[in-house]
Amino acid sequence: MCIMNADFRPFWCIVVVLVTGIRADTVKDRVVAFLEEYNVQAAAVAYEAVEAEWAYVTNITEENRLRSVNVSLRQSQFTQEVAKKAKSFNVTSLPTEMQRQISVMAIQGTDAMKNETKLSRLKDVLSEMEGIYAKGHVCDLPNFSSCVTLEPDLTRLLSKGRNYTELLEAWRGWRRVPTGEMKALYEEFVQLSNEAVRDDGHTDTGEFWRSWYESPTFEADLAAILDELRPLYEQLHAFVRRRLASTYHDRYFPASGHIPAHLLGNMWSQSWVNIYDLVQPFPNRTSVDVTPTLQRLNYTARQMFEVAEDFFTSLGLREMPPEFWERSMITRPTDGREVVCHASAWDFSKGNDVRIKMCTDVTMDDLVTIHHEMGHIQYYLQYQKQPYVFREGANPGFHEAIGDVIALSVSTPRHLATIGLLDQVHEDPESDLNFLMRQALEKVAFLPFGYLIDQWRWSVFSGETTPQQYNRKWWDLRCKYQGIAPPLERNTDDFDPGAKYHVPANTPYIRYFVSNVLQIQLHASLCEAIGDTGPLHRCDIYNSTLAGLKLQHLLQQGSSRPWADILEETTGLRKLSTEPLKRYFHPLTDWLKKQNEGKAVGWTDACPEVPVQYEAEVGYRGYPSAADFLKYYNQAGGAITNKDVVAQWAYESNITDNNRQAMVNSSVEYSQFRKEMTKEANRFRWHELDDVIARRQFRKITDIGTSALEDEQLKELADVKARMAGTYGMANLTMSDGRTLALDPGLTQILTSSRNYSELLEAWKGWRDVTGPNMRANYVKFVELSNKAIRQLGYADTGAYWRQRYEAPTFQEDLRKLLADLKPLYRLLHTYVRRRLMIVYGAQHFPTSGHIPAHLLGNMWAQKWDNIYDIVEPFPGVEEIDVTPEMLRQNYTVTRMFRVAEEFFTSLGLETMPPSFWERTLMQQPDHVTMVCHASAWDFYDQHDFRIKMCTEVNMENLLVIHHEMGHVQYFLQYRNQPVVFREGANPGFHEAIGDVMALSVSTPRHLATIGLLDKASNTHEGDINFLLRMALEKVSFLPFGYLIDQWRWSVFSGETTPQQYNQKWWDLRCEYQGVSPPVGRGDDDFDPGAKYHIPANVPYIRYFVSYVVQFQFHEALCDAANHSGPLHTCDIYNSQAAGDALMSVLKLGSSRPWPDAMQMITGRRTMDAGAILEYFRPLITWLEQETRNERPGWSAACPQPEDTTPPEVSTPLELTTPSKCSFIENRNGAARHISFFSLIVVLFGHLCSSLL
């Protein structure tokens, strides 16, 4: 393989001003000056581009990848400048050679992409795909103690192995490498590549590639050649199939005539030479495989290269320059670097700097490959005096053919004997047939494979084959043209084309088909030139300077003339001809026909069904059906998950090193189980199952998130998360007064209770200084690793993976509409609160843009504003609804609070908490035990063990939290009989909403009076407004914050927001949606998103926005079921069996049906809707409209500039009487259903009793 980009032009890379200031009077003069300048510049700068790519493929690191991409982008800019200038000339009157140069320079290919961002992404995608391939490895293979790479381990196993099962495991393992991430990247690549070449006037990338062959009949010519050679291939195929069937057993070979793809001695079945020992016509004759001799003579890689060089110099061609020997990589490095081992030749366009990159193994196959690659080098050296644009093969196939022409001589017994690798030469019919069989296994076997790869790509580029059809089309072509079949079921999630290097590397492949025909055509011409009149397959041009002169003349022309002209000059024909190839193999063809007489020859076009015994005999558990597999999964999945949750609980409830290690071990075991089950599940054609529920289970089983990573990569991701967790959880701020405070309770206490502007600002800014900047670099790495993991599942990025949980193609648009519907209510609240805050802190602190400084809203993140209720209370002195004093007066205990919550659920006809709940729940922190206090509900996946863990205090806030957590437990109880994968909320927001639905009733004055915590429920207008404003400060204020967090993350995951833009994008969203602004300047070095727990913890956040909307829809529906009459905000569903029945019907479903089905069951609607929340707050809306009628509503979308405010240097605290705030003020925890170990780390080091919101 020679190194050139997919546009079939050498790498150029620099932006220069071409031919500026040069005076020329005629078009020819100007063109001559332009070409002279171009040739100097292009040759000088190509080195940078190729050197950057070489650095990357010989040391695969992210730094080298990014450098290569950046250099490639500069190359594209140079290409665009050159093309623009070239197109400006009218060259019709110029000499033909000059016209040809200008026409080539006007071609841009993918460099024509007008959108620079997309061009950059195209380069990124290509380098990422190549990196995935290069780093690919296979684990858990029999007889290997560690993971293995393609070169040399898998290649050796496929070439030498003769154990059916071992070959199958290796074949399957390598095809897992491109599944997921690479497939998603390839789909993106196709779109970008097509868009780019269309900017250059081509219909698609395939049409652009074909244009290089300068023939309108190129496709038809290829098809005709394949048809002419098919009879020879069919005879070879039939003979090989019979021999393999006798080796492995007939039962593995389908009646359709196909050969299982893993039995042909090569990972891709492209060359069959490695099974020569199984099909050798005359085993007693001398073998032409000299591998044992090479190894017996202790050949080194260097010696093999010197042997190849000797062949070229014997023809009078050039020896390898010193730079070649100094700089080539001829063996795999031993320093631990990851490299692309695929053999390739490189032209650095700088003097004699030419190199080969290859992980050489001492085999005859690699000896032939070295001659092939050195043929590319000889081409580079011979045409280096051509103008820069002509320094390439006459067509792409020529470059591949030259080394193979040499190899045709090198592989002859006559030549091998000449160089001392064969003791003697037997030129008799039997020895000839042995030799020709070996040649056919390499040359003839390759033909349909060389043809079909680009047939597949051209159909993909044209749009004929969609992403969903990628793998099906691949195997349709391979079954039809090669007569081979997959040995295992393949499905739409697989991406088997990506297991072949040239697909992720974007190397056009039809050149190799052209080369396999052309090389023997050239070989025949050279043999004729030296007067060799014997059989063509015996000809060896070694030591013939006459052949060397003829070859040299061809090479020195590069692409300066049309390839048909050069071919005619060399062979006497202007087109490819199959006659020399058929003549070369004529003796073998006749012999094969005789061997195949009376035997089946050929195969069906369609792929066969995979026989059952394929699966049963290769180590599978042998599930008779998909239903049996699901039954096993639910048994084994429940047990392994229970074990994992038990270990997590043990650690969270008693933090010790022993418990931590036990949890780590259990987590690894759980991930391994999920990966194994995914492999097993994908054995079935589950996408085609008629049973919708079964299909849904399979989809969830195979959608395993970051567990898709290999253990080593998973550990790297865990390390990054742990570092971010440590930064967040252990952060402390030393205040100006000397106090050293953690987030909880110290800084939270200041933000909730202080009314001193300067103190609030110091705490707000200080928390961001000690968290965000210290985790920013880790977050960049986290995004990279998370995307890498998720793309292995076929998703575009982590954001896309998160969104798919909501099973709605319009999910993002639905969210935008909800926020738009709710914005008027939020704007009223914002306007009212802003006015009240200005009275307290002074107008000078508030920008004219309408924003509220983010540190004044009673919360570190300004996400909920209920802690400033004392400042904004509409009617002071009217009925206090905080019943904490009453609870204390009545001597409430923690257990009584839990019993009160249980009684609410049983009043609806829902289940009591099981005995194990009361035995095992942790309601308070035990003495002398360190535990995670963060309130959470736990499902142990054994259908009876459910618990809550909480460091409870006797207050109203914790009473509501208990109802919330018990809502999660009630969900667990109701769906416990579902299959394991359905034991979760209908969507992530549903699980959060259920507990909050209960809290909407529990927090009403009516309910508090009913359970004896208020003397009576006030029915006054003032009391209602006070209540609703407090609820709005908790619920309505949260909405834009709940929306924007994941808007930011999705833009980061997609690449739209770069690391340099992280903080700018964060504040752009907060200013636009929340109407809050930073109280001090924020820069690109800040990382304010990291000051919010859910960012380093990687907890998806849009679920809370969803929850805050749907909880009101549920509340409204349940109130209707309970026959409530009156304002929605006064509804209490306590004691309503009808409401309980409606709720129970949804909870029992878990996630077994799409959430719109569940939504419809409870609300009568299939969509999320803002109507209920607006109805709930309608009285407050009316009041706020009156209160703010003279105020300017809203804020500008952009953040204010620093000059918009002029804060004083000192601000004195206001003397406000405010109740003390406990640290649980925001503790509205989400369900801890089955959280991963890695997310748990964040909780442990984080604020132990603060909110998940």
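As a convention, each chain's residues are numbered from 1 in the sequence order in which they are written. Residues qualify for local features only when their pLDDT is at least 70, as the model is predicted, and side-chain atom pairs are given and counted only at 80 or more; totals for whole chains, interfaces and linings, by contrast, use all residues. Hydrogens and water molecules were not included; the side-chain quantities draw on all heavy atoms of the structure.

Draft legend 1. Here's a closer look at the overall build of the protein chain. By the criteria applied, helices consist of DSSP H or I runs no shorter than four residues and strands consist of E runs no shorter than two, each listed in order from the N terminus. Helix and strand counts for the protein chain come out as 51 helices and 12 strands. For 1253 residues, the compact-globule estimate of 2.2 N^0.38 gives 33 Å, and the protein chain sits close to it at 36 Å. Counting only residues that meet the buried cut, the protein chain has 63% of its 1253 residues in that class. Expressed as a percentage of contacts within the protein chain between residues at least 6 apart in sequence, the contacts between residues at least 24 apart total 79%. Accessible surface is estimated by sampling points in the Shrake-Rupley manner with a 1.4 Å probe; for residues, cover comes only from the protein chains shown. Within the structure as shown, the protein chain displays about 45800 Å² of accessible surface, and the carbon and sulfur contribution to it stands at 48%. Where the 125 positive side-chain charges of the protein chain centre and where its 157 negative ones centre are 2 Å apart. The globule rule used for comparison is 2.2 Å times the number of residues to the exponent 0.38, while the radius of gyration itself is calculated over C-alpha atoms. A 1.4 Å probe rolled over the protein chains alone gives each residue an accessible area, and that area as a share of the maximum for its type sets the label: buried under 20%, exposed over 50%, partly exposed in between. Any two residues having at least one pair of non-hydrogen atoms within 4.5 Å are treated as being in contact. As used throughout, the charge tally considers Lys and Arg to be positive and Asp and Glu to be negative, leaving His and the chain termini uncounted. Taken as the charge centre is NZ of Lys, CZ of Arg, CG of Asp or CD of Glu, depending on the residue.

Draft legend 2. How the structure looks around the packing of helix H2 (residues 62–87) against helix H4 (residues 116–135). Put simply, H2 and H4 touch, their axes get as near as 9 Å, and they point 135° apart. As summarised for this structure, H2 and H4 are arranged oblique, according to the angle between their axes. In terms of crossing hand, the pair formed by H2 and H4 is right-handed. Every residue of H4 that contacts H2 at Arg65, Leu66, Val69, Ser72, Leu73, Ser76 and Gln80 is listed here: Leu119, Ser120, Lys123, Asp124, Ser127 and Glu128. Just so you know the grouping, Ala, Val, Leu, Ile, Met, Phe, Trp, Tyr, Cys and Pro go in nonpolar, Asp, Glu, Lys and Arg go in charged, and all remaining residues, Gly too, go in polar. When grouped by side-chain class, the residues that make up the contact of H2 with H4 number four nonpolar, five polar and four charged. Lines fitted to C-alpha atoms define the axes here, with helix axes fitted over just the stretch in contact, and angles between the N-to-C directions of these axes take values from 0 to 180 degrees. Should an angle lie under 35 degrees it is considered roughly parallel, over 145 roughly antiparallel, and from 65 to 115 roughly perpendicular; all remaining angles are considered oblique. Note on convention: near helix rotated counterclockwise from far helix by under a right angle means a left-handed crossing. Clockwise means right-handed.

Draft legend 3. Representation of the packing of helix H9 (residues 218–248) against helix H18 (residues 446–462) in the model. For the pair H9 and H18, the least separation of the axes is 10 Å and the interaxial angle reads 145°. Crossing hand, H9 versus H18: left-handed. In contact with Phe218, Glu219, Leu222, Ala223, Leu226, Leu229 and Tyr233 of H9, H18 contributes Leu447, Pro448, Tyr451 and Trp458. Considered class by class, the residues forming the contact of H9 with H18 number 10 nonpolar, no polar and one charged.

Draft legend 4. Structural context of the state of the cysteines. Disulfide: a pair of cysteine sulfur atoms within 2.5 Å of each other. Going through the model one piece at a time under the given rule, you end up with five disulfides. Across a sulfur-sulfur distance of 2.0 Å, cysteine 479 and cysteine 607 are joined as a disulfide pair. Classification of the bridge connecting cysteine 479 and cysteine 607 rests on its S-S torsion, roughly 105°, and on that basis the disulfide is right-handed. Remark: cysteine 607 occurs in the loop between helix H24 (586–595) and helix H25 (612–616) and cysteine 479 occurs in helix H19 (residues 470–482); sequence separation between them is 128 residues. Overall, the relative accessible area of 0% leaves cysteine 479 in the buried class. The class for cysteine 607 is partly exposed, based on a relative accessible area of 29%. Put simply, cysteine 1071 and cysteine 1199 are joined by a disulfide, and their sulfur atoms are 2.0 Å apart. Since a negative S-S torsion denotes a left-handed disulfide, the cysteine 1071-cysteine 1199 link at about 105° is right-handed. Here cysteine 1071, found in helix H44 (residues 1062–1074), pairs with cysteine 1199, found in the loop between helix H50 (1178–1187) and helix H51 (1237–1245); they are 128 residues apart in sequence, far enough to count as distant.

Draft legend 5. Up close: the environment of glutamate 53. The topology assignment puts glutamate 53 in helix H1 (residues 27–57). Taking the C-alpha atoms as reference points, glutamate 53 and arginine 67, separated by 14 residues in sequence, lie 8.5 Å from one another. With residues up to four places along the chain from it excluded, the contact list for glutamate 53 reads Ser68, Glu130 and Trp346.

Draft legend 6. Up close: the packing of aromatic side chains. Whether two aromatic rings pair depends on their centres lying within 6.5 Å, for rings of Phe, Tyr and Trp, where Trp uses its six-membered ring; planes under 30 degrees apart make the pair stacked, over 60 edge-to-face, and the rest tilted. Taken as a whole and assessed by the stated rule, the structure comprises 89 aromatic pairs. When the centroid spacing of 3.7 Å and the interplanar angle of 15° are considered together, the rings of tyrosine 164 and tyrosine 252 count as stacked. Of this pair, tyrosine 164 sits in helix H6 (residues 164–175) while tyrosine 252 is found in the loop between H9 and strand S3 (259–260), placing the two residues 88 residues apart along the sequence. Each of the two residues, tyrosine 164 as well as tyrosine 252, counts as buried. Look at phenylalanine 782 and phenylalanine 1053: their rings are 6.3 Å apart centre to centre, the planes differ by 65°, and that puts the pair in the edge-to-face class. On the criterion of sequence distance, the pair formed by phenylalanine 782 in helix H32 (residues 772–791) and phenylalanine 1053 in helix H43 (residues 1038–1054) is long-range, its members being 271 residues apart. Following the ring pairs from residue to residue traces out a cluster consisting of Tyr186, Phe189, Phe208, Trp209, Trp212, Trp456, Phe461, Tyr470, Trp474 and Phe495. Taking the ring centre of tyrosine 47 as reference, the NZ or CZ of lysine 350 above it sits at 4.4 Å. Its guanidinium or amino end placed over the ring of tryptophan 918, arginine 899 lies 3.6 Å from that ring's centre, counting from NZ or CZ. Each ring is checked for a lysine NZ or an arginine CZ that lies within 6 Å of its centre and within 35 degrees of its normal; such an atom marks a charge sitting over the ring.

Draft legend 7. Local environment of helix H47 (residues 1137–1147). Turning to H47, its buried residues number three or more, namely Ala1139, Gly1140, Ala1142, Leu1143, Met1144, Val1146 and Leu1147. Packing partners of the buried residues in H47 comprise helix H39 (956–974), helix H40 (988–1002), helix H46 (1102–1121) and helix H48 (1155–1163).

Draft legend 8. Expanded view of the pairing of strand S11 (residues 946–949). In S11, alternate side chains face the same way, and those of Phe946 and Ile948 on one face and Arg947 and Lys949 on the other are all buried. Strand pairing is defined by DSSP finding a minimum of two bridges between the two strands. Judged from the four bridges that link them, strand S10 (residues 936–939) and S11 form a sheet pairing that is antiparallel. Paired with alanine 937 across the two strands is isoleucine 948, which belongs to S11. Linking S10 back to S11 in an antiparallel pair, the connection comprises six residues, with tyrosine 941 at a positive phi of about 60°.

Draft legend 9. Inspection of the environment of histidine 399 at higher detail. Structurally, histidine 399 can be placed in helix H15 (residues 396–410). According to the relative accessible area criterion, histidine 399 is buried, its value standing at 0%. Here the alpha-carbon distance between histidine 399 and tyrosine 380, two residues 19 residues apart in the chain, equals 9.5 Å. Of note is the side chain of histidine 399, whose polar atom sits 2.8 Å from the side chain of histidine 376. Under this definition, polar contacts are N or O atom pairs within 3.5 Å; protein pairs additionally need one hydrogen-donor-capable and one acceptor-capable atom, and for neighbouring residues in sequence, both atoms have to be side-chain atoms.

Draft legend 10. Up close: the pattern of salt bridges. Basic side-chain nitrogens of Lys or Arg form a salt bridge, by our definition, when they fall within 4 Å of a carboxyl oxygen of Asp or Glu. Scanning the model with the defined rule gives 63 salt bridges in all. For arginine 889, the salt bridge identified is with glutamate 886, shortest N-O distance 2.4 Å. On the criterion of helical spacing, the pair formed by arginine 889 and glutamate 886 is a turn pair, its members being three residues apart in helix H36 (residues 884–889). By relative accessible area, which is 57% here, arginine 889 ends up exposed. A salt bridge links arginine 1049 to aspartate 1046; the nearest nitrogen and oxygen atoms lie 2.8 Å apart. Placement of both arginine 1049 and aspartate 1046 in helix H43 is noted, with a separation of three residues, approximately one turn of the helix. For arginine 1049, a relative accessible area of 0% puts it in the buried group. The buried category is assigned to aspartate 1046, whose relative accessible area is 0%. One network of salt bridges, with partners in common, ties together Arg121, Glu128, Glu188 and Arg791.

Draft legend 11. Spotlight on the environment of alanine 44. In this fold, alanine 44 is placed in helix H1. A relative accessible area of 53% places alanine 44 in the exposed class. Taking C-alpha positions, alanine 44 is 6.8 Å from lysine 350, a pair spaced 306 residues apart along the chain.

Draft legend 12. The nonpolar core, seen in detail. Judged by nonpolar contacts, the single largest core of 178 residues is most densely connected at Trp174, Tyr186, Leu236, Val240, Leu244, Met437 and Phe585. Sequence-distant contacts of tryptophan 174, defined by excluding residues within four places in its chain, comprise Tyr133, Gly136, His137, Val138, Leu150, Leu154, Met267, Trp268 and Ala499. The next biggest cluster of nonpolar side chains, apart from the first, holds 171 residues, and it includes Trp764, Met923, Leu1039 and Ala1142. We define a nonpolar core as any set of buried Ala, Val, Leu, Ile, Met, Phe, Trp, Tyr and Cys residues linked to one another through side-chain atoms lying within 4.5 Å.

Draft legend 13. Region of the structure containing the confidence of the model for the protein chain. On a scale of 0 to 100, pLDDT captures the predictor's confidence in every residue. Of all residues in the protein chain, 91% have pLDDT values of 70 or greater, and the mean over the chain is 86. Predicted confidence is poor over residues 612–622, with pLDDT under 50, and the contacts of this stretch with residues over four places away or in other chains come to 30 contacts.

Draft legend 14. Geometry of the side chain of serine 577. Looking at the secondary structure, you find serine 577 in the loop between helix H22 (563–571) and helix H23 (579–584). Residue serine 577 is classed as buried on the basis of its relative accessible area of 14%. Once residues within four sequence positions are removed from consideration, serine 577 is found in contact with Val517 and Gln521.

Draft legend 15. A look at the pairing of strand S5 (residues 354–357). Of the two faces of S5, the one holding Val354 and Ile356 and the one holding Arg355 and Lys357 are both buried throughout. Where strand S4 (residues 344–347) and S5 come together, four bridges link them in antiparallel fashion. Residue pairing in the sheet places alanine 345 in a bridge with isoleucine 356 of S5. Counting the residues that bridge the hairpin from S4 to S5 gives six residues, and of these serine 349 lies at a positive phi of roughly 55°.

Draft legend 16. Quick peek at unusual backbone geometry. At the junction of glutamate 151 and proline 152, the peptide bond is cis and its omega measures out at 0° in the coordinates. Take proline 152: it is sitting in helix H5 (residues 150–160). A positive phi is found at asparagine 543, a non-glycine position, where the angle reads about 70°. Mapped onto the fold, asparagine 543 is located in the loop between helix H20 (510–529) and helix H21 (545–556).

Draft legend 17. Looking closely at H1. Given the number of residues in a helix, its expected span is that number minus one, multiplied by 1.5 Å. Taking 1.5 Å per residue, 31 residues should reach 45 Å; H1 reaches 43 Å between its end C-alpha atoms and fits that length. Bending is quantified residue by residue as the angle between axes fitted to the seven-residue window ending at that residue and the seven-residue window starting at it. Most pronounced at valine 45, the bend in H1 amounts to some 25°.

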